[in-house]
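Chain by chain, the residues:
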Amino acid sequence: MENQLVPDEIIMNKIYYIRGQKIMLASDLAELYNIETRVLNQSVNRNLKRFPPDFMFQLSENEYSSLTSQFVMSKKGRGGRRVLPFVFTEHGVLMLSSILNSDRAIEVNIQVMRIFTKIRQMLFDNTELRLEIEKIKFKINNQDKNMEIVFRYLDELIDNKEEPQERKRIGYKPDNL
């Protein structure tokens, strides 16, 4: 395996799922690129045309508070974040490599893209697995119904056997009987 700048697990732990998309915080990306968040934001602001809303967006207050509950962040007014953070979708992260010219940013972006691809493949594999499980469940349910029918017939046969029925005699019948 090639020499990685950052372990895959660290990058994977910085990918979140918001608004139905996998995203990364600008501050996490800046940390991975080994630059300050403000430097990343300045580069993005100079190239805003490259970042439409499906590449980058600002979190809402609710989204941000749900993220802060997942990891420890300083509270407002105590030297922490003063504005809601920007996040980048997979396409936005890819676009970052075109505006950040450092070798580290390029290498980290390649690694991040590979991880996004792995995640997509895992989701696809899980979807196929779920479909197979659903097929098996359907077959089992049908078999359960078939078994239910068999047991119902068996119950009917047992009920019929338990009720003594008068049998007609077969064969020679003398007149005096």
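Quick note: structure is the one above.
Worth saying up front: this structure is predicted, and the values here are computed from it rather than measured.

Cut-off values and rules
- Residues numbered from 1 in each chain as written.
- Predicted model: local features only at pLDDT ≥ 70, side-chain atom pairs only at ≥ 80, totals over all residues.
- Heavy atoms only, no water.
- Pairing = 2+ DSSP bridges.
- Helix = DSSP H or I, 4+ residues; strand = E, 2+ residues; numbered from the N terminus.
- Core = buried A, V, L, I, M, F, W, Y, C linked by side-chain atoms within 4.5 Å.
- Buried < 20%, exposed > 50% of the residue type's maximum accessible area, 1.4 Å probe, protein only.
- Contact = heavy atoms within 4.5 Å.
- Arc of directions from axis to C-beta.

**Q** Just give me the short version of the pairing of strand β4 (residues 86-89), but keep the residues and values in it.
**A** Of the pairings in the sheet, the one linking strand β2 (residues 21-25) to β4 comprises three bridges and is antiparallel in character. Note that in β4 the partner of isoleucine 23 across the bridge is threonine 89. By the bridge criterion, three bridges tie strand β3 (residues 56-58) to β4 in an arrangement that is antiparallel. When the bridges of β4 are listed, glutamine 58 appears paired with phenylalanine 86.

**Q** Let's hear about the nonpolar core: which residues, and what values?
**A** Counting 26 residues, the largest nonpolar core has Met24, Tyr33, Phe88, Val93 and Leu96 as its most contacted members. Taken together, the elements giving at least two residues each to this core come down to α2 (26-33), α3 (37-46), α5 (90-99) and α6 (103-162). The greatest single-element share of this core, amounting to seven residues, is contributed by α6. Contact partners of methionine 24, with chain neighbours within four places excluded, come to Ile11, Lys14, Ile15, Leu29, Leu32, Phe86, Val87, Phe88, Val93, Val112 and Phe116. Leu25, Leu59, Tyr64 and Val87 belong to the second-largest nonpolar core, a separate cluster that totals nine residues.

**Q** Can you lay out helix α4 (residues 61-68) for me, pointing to particular residues and giving the numbers?
**A** Taken together, the buried positions of α4 are occupied by Glu63, Tyr64 and Leu67. Around the axis of α4, the buried residues are gathered within 95 degrees of arc, so they sit on the same side. Packed against the buried residues of α4 are β1 (15-18), β2 and β3.

**Q** Kindly report on the side chain of serine 43, identifying the contributing residues and their values.
**A** Position of serine 43 among the secondary structure elements: in helix α3. For serine 43, a relative accessible area of 9% corresponds to the buried category. Setting aside anything within four residues of it in sequence, one finds serine 43 in contact with Ile99 and Leu100.

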